[in-house]
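Single-letter residue listing:
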Amino acid sequence: VQQQTVSSKPHVVLVGNSHLNDIRADKLSKGLQTESKKAGTIKEAEEVVNGLKKPAAVVLQVITNEARGNSSIPDIVNRMKTLVANTKCKLPTTKIFVSQAPCNFNNSRLSARISAINASLAAEFYKGDVICVSNDSISPFNFQRDEIHLTKYGTSNLAFNIKCELEHYFKIRSEHRYKAW
């Protein structure tokens, strides 16, 4: 079996909020060349995407901060759809993944907003060319006391969910567990 070189691995860019801070992108998967770029909002993600140079895939993790604000749910969904559409135009050969916001049911207002946004985006991209990454495996116990940021275990779950979707899409044999924190 021939070992892949770094240049033959699909290049993946994780674009997102503080939920990605503790993920060591370079350790996400041996079969991917992965890097992470900070973007706390949809607008910041658009700026990051505009600076990218044709990665094989982009993972967008930017919904949580938007849901915490005062924008309406339809406005957030429409801005996210616009971000995806603009990403497709800028990077037509790049596969787009939308990582859904983890939902902490201990915070009822925020969880209702995030659930509605996640459901709307999943319905929008169902059977389309954008892949939604479900983060339903992240439980309220995976959040820090602030009810927004993830614990080490929550970060591990998030990374594992993203990793599984990427490896499935790129047909990469999966490693058993994620250990990149």
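The structure we're discussing is the one just above.
As a starting point, this report considers the structure included with it. (Residues numbered from 1 in each chain as written. Predicted model: local features only at pLDDT ≥ 70, side-chain atom pairs only at ≥ 80, totals over all residues. Heavy atoms only, no water.)

**Quick notes on the packing of aromatic side chains**
Threshold: Centre distance within 6.5 Å is the pairing criterion for rings of Phe, Tyr and Trp, where only the six-membered ring of Trp is used; planes under 30 degrees apart are then read as stacked, over 60 as edge-to-face, and the remainder as tilted. Think of it this way: any DSSP run of H or I at least four residues long counts as a helix, any run of E at least two long counts as a strand, and we number them from the N terminus. Categorising residues by exposure relies on relative accessible area from a 1.4 Å probe, with only protein chains included: less than 20% of the type maximum marks a residue as buried, more than 50% marks it as exposed, and the intermediate range marks it as partly exposed.
Evaluation of the coordinates by the stated rule reveals two aromatic pairs. Between F97 and Y169, the ring centres sit 5.9 Å apart and the planes meet at 85 degrees, which makes this aromatic pair edge-to-face. Of this pair, F97 sits in strand 4 (residues 95-99) while Y169 sits in helix 5 (residues 152-169), and the two are 72 residues apart along the sequence. Classification of Y169 by relative accessible area gives partly exposed; the value is 35%. These aromatic residues form a ring-pair network of at least three members: F97, Y169 and F170.

**Points about the side chain of Q100**
With respect to the secondary-structure elements, Q100 resides in the loop between strand 4 and helix 4 (108-125). On the accessibility criterion, Q100 (8% relative accessible area) is buried.

**Notes on the nonpolar core**
Definition in use: By convention a nonpolar core is built from buried Ala, Val, Leu, Ile, Met, Phe, Trp, Tyr and Cys residues, the set being connected through side-chain atoms within 4.5 Å. What makes two residues a contact is simply this: any of their non-hydrogen atoms within 4.5 Å.
Core analysis: the largest hydrophobic core is formed by 30 residues, its most contacted members being V15, L60, M80, V98 and L121. Residue assignment for this core shows that the elements contributing at least two residues are strand 1 (11-16), helix 1 (42-50), strand 3 (57-61), helix 2 (63-68), helix 3 (73-90), strand 4 and helix 4. Once residues within four sequence positions are removed from consideration, L121 is found in contact with I63, V77, M80, K81, V98 and C132. Core analysis: the second largest hydrophobic core is formed by 20 residues, V59, L150, I162 and L166 among them.

**Quick notes on the packing of helix 3 against helix 4**
Axes are the key here: two packed helices are described by the angle between their axes and the distance separating the axes. Note the cut-off: To define axes, lines are fitted to C-alpha atoms, for helices over the stretch in contact only, and angles between the resulting N-to-C directions are given on a 0 to 180 degree scale. Between 65 and 115 degrees an angle is taken as roughly perpendicular, under 35 as roughly parallel, over 145 as roughly antiparallel, and anywhere else as oblique. Handedness of a crossing follows from how the near helix is turned relative to the far one, being left-handed for an anticlockwise turn of less than a right angle and right-handed for a clockwise one. For this classification, the nonpolar set comprises Ala, Val, Leu, Ile, Met, Phe, Trp, Tyr, Cys and Pro, the charged set comprises Asp, Glu, Lys and Arg, and every other residue, Gly included, is treated as polar.
Axis separation between helix 3 and helix 4 bottoms out at 10 Å; the angle between their running directions is 40 degrees. Relative to helix 4, helix 3 is oriented oblique. Once helix 3 is placed against helix 4, the crossing between them reads as right-handed. Taking contact as the criterion, the partners of I73, I76, V77, M80, K81 and V84 in helix 3 are, on helix 4, R113, A116, I117, S120, L121, E124 and F125. Tallied by class, residues from the contact of helix 3 with helix 4 come to nine nonpolar, one polar and three charged.

**Considering the pattern of salt bridges**
To keep things clear, this is the line we draw: A pairing counts as a salt bridge when a side-chain nitrogen of Lys or Arg comes within 4 Å of a carboxyl oxygen of Asp or Glu.
Taken as a whole and assessed by the stated rule, the structure comprises six salt bridges. Measuring nitrogen to oxygen at the nearest pair gives 3.0 Å for the salt bridge that ties R79 to E66. Pair noted here: R79 is in helix 3 and E66 is in helix 2, with a separation of 13 residues, a long-range link. On the accessibility criterion, R79 (26% relative accessible area) is partly exposed. Here K88 and D129 are joined by a salt bridge, their closest N and O atoms 2.9 Å apart. Of this pair, K88 sits in helix 3 while D129 sits in the loop between helix 4 and strand 5 (130-133), and the two are 41 residues apart along the sequence. A relative accessible area of 32% places K88 in the partly exposed class. One salt-bridge network, held together by shared partners, links E66, D75 and R79.

Any link to function would need more than the numbers given here.
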